[in-house]
Amino acid sequence: MTFVYDIYVNFQTICYDFYEWNKKDEIMRIKKIPIFQIEESLFQKLMIHETQLDPNTFELLKNKTELFKSKKKISACLFTNNQDIIAVLLDNNGKIIKKSSLLLEEESTILKSIRKVDFLTIELKELKKRKIPLITRQELERQSFLLKKLEYMEEEELTYLYFECFNHKENDQTLMKKSLKSEIMKGNEEISTISYNFLKLIYNK
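The rules we used
- Residues numbered from 1 in each chain as written.
- Predicted model: local features only at pLDDT ≥ 70, side-chain atom pairs only at ≥ 80, totals over all residues.
- Heavy atoms only, no water.
- Helix = DSSP H or I, 4+ residues; strand = E, 2+ residues; numbered from the N terminus.
- Rg over C-alpha atoms; globule rule 2.2 N^0.38 Å.
- Buried < 20%, exposed > 50% of the residue type's maximum accessible area, 1.4 Å probe, protein only.
- Salt bridge = Lys/Arg side-chain N within 4 Å of Asp/Glu carboxyl O.
- Axes fitted to C-alpha atoms, helices over the stretch in contact; angles between N-to-C directions.
- Parallel < 35°, antiparallel > 145°, perpendicular 65-115°, else oblique.
- Left-handed = near helix turned anticlockwise from the far one by under 90°.
- Contact = heavy atoms within 4.5 Å.
- Nonpolar A, V, L, I, M, F, W, Y, C, P; charged D, E, K, R; others polar.
- Phe/Tyr/Trp six-rings, centres within 6.5 Å; stacked < 30°, edge-to-face > 60°.
- Lys NZ or Arg CZ within 6 Å of the ring centre and 35° of its normal.

What follows is about the overall build of the protein chain. Each helix and strand counted, the protein chain has seven helices and eight strands in total. The C-alpha radius of gyration of the protein chain comes to 22 Å, more than 25% above the 17 Å expected for a compact globule of 205 residues. Once the C-alpha set of the protein chain is aligned to its principal axes, its extents read approximately 65 × 30 × 30 Å. Looking at the protein chain as a whole, 41% of its 205 residues qualify as buried.

Per the stated rule, a full pass over the model turns up six salt bridges. We note a salt bridge from K95 to E50, for which the minimum N-O separation is 3.2 Å. Here the residue K95 occupies a position in the loop between β6 (85-90) and β7 (96-100), and E50 occupies one in strand β3 (residues 50-53), the gap between them amounting to 45 residues. The class of E50 is buried, set by a relative accessible area of 17%. One salt bridge connects E151 with K181, and the closest N-O pair in it is separated by 2.2 Å. Residue E151 is found in helix α4 (residues 137-151), and its partner K181 is found in helix α6 (residues 173-185); the two are separated by 30 residues along the sequence. Taking the relative accessible area as the measure of exposure, E151 reaches 37% and is therefore partly exposed.

With that out of the way, let us pick up the packing of helix α5 (residues 155-166) against α6. Orientation of α5 relative to α6, taken along the N-to-C sense of each, is 50 degrees, at an axis distance of 10 Å. Between α5 and α6, the interaxial angle falls into the category oblique. Between α5 and α6 the crossing geometry is left-handed. Where α5 abuts α6, its residues E155, L158, T159, L161, Y162, C165 and F166 lie against Q173, M176, K177, S179, L180 and E183. Partitioned by chemical class, the residues of the contact of α5 with α6 number seven nonpolar, three polar and three charged.

A few words now on the environment of K98. With respect to the helices and strands, K98 occurs in strand β7. In this structure K98 comes out as partly exposed when scored by relative accessible area, which is 34%. Separated by 17 residues in the primary sequence, K98 and R115 place their C-alpha atoms 27 Å from one another. Setting aside chain neighbours within four positions, we find K98 in contact with F11, Q12, T13, A87, V88 and L89.

Here the focus is the packing of aromatic side chains. Each aromatic ring pair is summarised here by two numbers: the centre-to-centre distance and the angle between the ring planes. Using the criterion set out here, one finds four aromatic pairs in the structure. Where F18 meets Y19, the ring centres are 5.5 Å apart and the plane angle is 75 degrees; that geometry is what we call edge-to-face. For F18, a relative accessible area of 32% translates into the label partly exposed. The ring of F68 carries R29 above its face, with NZ or CZ at 4.0 Å from the centroid. The lysine or arginine in question, K32, covers the ring of F3, its NZ or CZ lying 4.4 Å from the ring centre.

Keep in mind these values describe shape, not function.
Right under this line is the structure:
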């Protein structure tokens, strides 16, 4: 088994590229973690979808990863297709619960320096298909904020926002919410920006 030493990961439910890591994220410093090469099709599947490893593979990886600031070992692993690397964190049943890209420099160093990575034949159980986000993490978080706050707006605030966005008055709250949410989900930048600025103003009162 081949191991990689001293790297940083940012385990999230969505595998964000390193340039989308936030200061508020809990960046984890890994002391020692196993790495395996897998088939390209499986690599792409686990990058996107919610998956679970077969029991034999999980037992191989279970508690093999060491951290710098804790004596407790965790079940995590690096998988590569010889071009990219993804870090995965597993629960006690072998389900991949979080993923992380690597810092560009660290990924490049690993791919260049490791002469041989064991090829691992694994079985992935697809638990849930996920769509690839076509927007950035920042846009995704803003969209989530807008949809959540719109749901609990007061009638007066909702009426005002709707008028600002569509330039006409509407009395049906359900229709107003539906129209605003629809435009936000479609990526209407103008309405999203107006809504975001207004809701931030309310939220920060």
